[in-house]
Amino acid sequence: MAVSKIHPIRRTLNKAIDYIVNPKKTADELFISTFGCMKETAADEFLLTKRLGNEHCFTLAQHVIQSFKPGEVSPKLAHEIGVKLANELTHSQHEYVIATHVDKDHIHNHIIFNHTNFVTHKAFRSNMKTVRELRQLSDKLCKEYGLSIIENPQKKGMTKYEWMM
């Protein structure tokens, strides 16, 4: 059963990438992959692409987290699923860095991808439809690999007020 979420990165792109590629979390960087960039220079490469057509947008990147049920998946399989998720979600048209964290009891993927498409130079559209598509893509991939999924996902999460209370 994979749980997935997505949120924008507007200011701390370097810090976010440094966090996800931490060798202590990724088995000495064994479970890190990139597309269209190098992990060491990804933030700079994202900004170069952004300058080609989407400078007015404040969002630099999107951060996807895909968490798996404890004990259900190996780090190698989780990473493979995460790479496929990143490619399908971005249609292989956004640079990304993916890291599979193995330091907790639940293995999870962090995918940070450029908000600007390097083919069209348009911004990634992130809204409730995107969240639904992300969940559907993740569930489809989990089914393909024989993993469990959440059968009746909640239609609505807590409001910020509910969460703070």
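Keep in mind the model is a prediction, meaning the values are calculated, not measured. (Residues numbered from 1 in each chain as written. Predicted model: local features only at pLDDT ≥ 70, side-chain atom pairs only at ≥ 80, totals over all residues. Heavy atoms only, no water.)

Peer 1: Which parts of the structure should I look at to understand the packing of helix α3 (residues 75-90) against helix α4 (residues 128-144)?
Peer 2: Where α3 contacts α4, the axes come no closer than 10 Å and their chain directions differ by 140°. In this view, α3 runs oblique relative to α4, as classed from their interaxial angle. Considering how the two elements wind past one another, α3 and α4 form a crossing that is right-handed. From α3, Ile81, Lys84, Leu85, Glu88 and Leu89 reach across to α4, where they touch Leu134, Leu137, Ser138, Lys140 and Leu141. Grouping the constituent residues of the contact of α3 with α4 by class yields 6 nonpolar, 1 polar and 3 charged. (Axes fitted to C-alpha atoms, helices over the stretch in contact; angles between N-to-C directions. Helix = DSSP H or I, 4+ residues; strand = E, 2+ residues; numbered from the N terminus. Parallel < 35°, antiparallel > 145°, perpendicular 65-115°, else oblique. Left-handed = near helix turned anticlockwise from the far one by under 90°. Contact = heavy atoms within 4.5 Å. Nonpolar A, V, L, I, M, F, W, Y, C, P; charged D, E, K, R; others polar.)

Peer 1: Would you mind going over the sheet that holds strand β5 (residues 108-114) with me for this structure?
Peer 2: Paired through backbone hydrogen bonds, the strands of a sheet run either parallel or antiparallel to each other. On the basis of which strands lie adjacent, the open sheet formed by 5 strands has the order β1-β3-β5-β4-β2 and antiparallel pairing. The two strands at the open ends of the sheet, each matched to only one other strand, are β1 (2-9) and β2 (32-35). Neighbour-to-neighbour, the strand axes of the sheet open up by a mean angle of 15°, direction not taken into account. Of the pairings in the sheet, the one linking β2 to strand β4 (residues 96-101) comprises 4 bridges and is antiparallel in character. The residue bridging phenylalanine 35 from the neighbouring strand is tyrosine 96, located in β4. (Pairing = 2+ DSSP bridges.)

Peer 1: Can you help me understand the nonpolar core in this one?
Peer 2: Generally speaking, nonpolar side chains in soluble globular proteins are found buried as a group. Within the largest apolar cluster, 22 residues are counted, with the highest numbers of intra-cluster contacts made by Val64, Phe68, Leu85, Leu89, Ile111 and Phe113. Where this core is concerned, the elements lending two or more residues are β1, β3 (61-68), α3, β4, β5 and α4. A per-element tally of this core places α3 first, with 5 residues. (Core = buried A, V, L, I, M, F, W, Y, C linked by side-chain atoms within 4.5 Å. Buried < 20%, exposed > 50% of the residue type's maximum accessible area, 1.4 Å probe, protein only.)

Peer 1: What is the right way to look at the packing of helix α1 (residues 13-20) against helix α2 (residues 42-51) in this model?
Peer 2: A pair of packed helices is captured by two measures, namely the crossing angle of their axes and the spacing between those axes. Axis separation between α1 and α2 bottoms out at 9 Å; the angle between their running directions is 140°. Relative to α2, α1 is oriented oblique. α2 is crossed by α1, and the crossing has right-handed handedness. Contact residues: Leu13, Asn14 and Ile17 in α1; Ala42, Ala43 and Phe46 in α2. A breakdown of the residues in the contact of α1 with α2 according to their chemical character gives 5 nonpolar, 1 polar and no charged.

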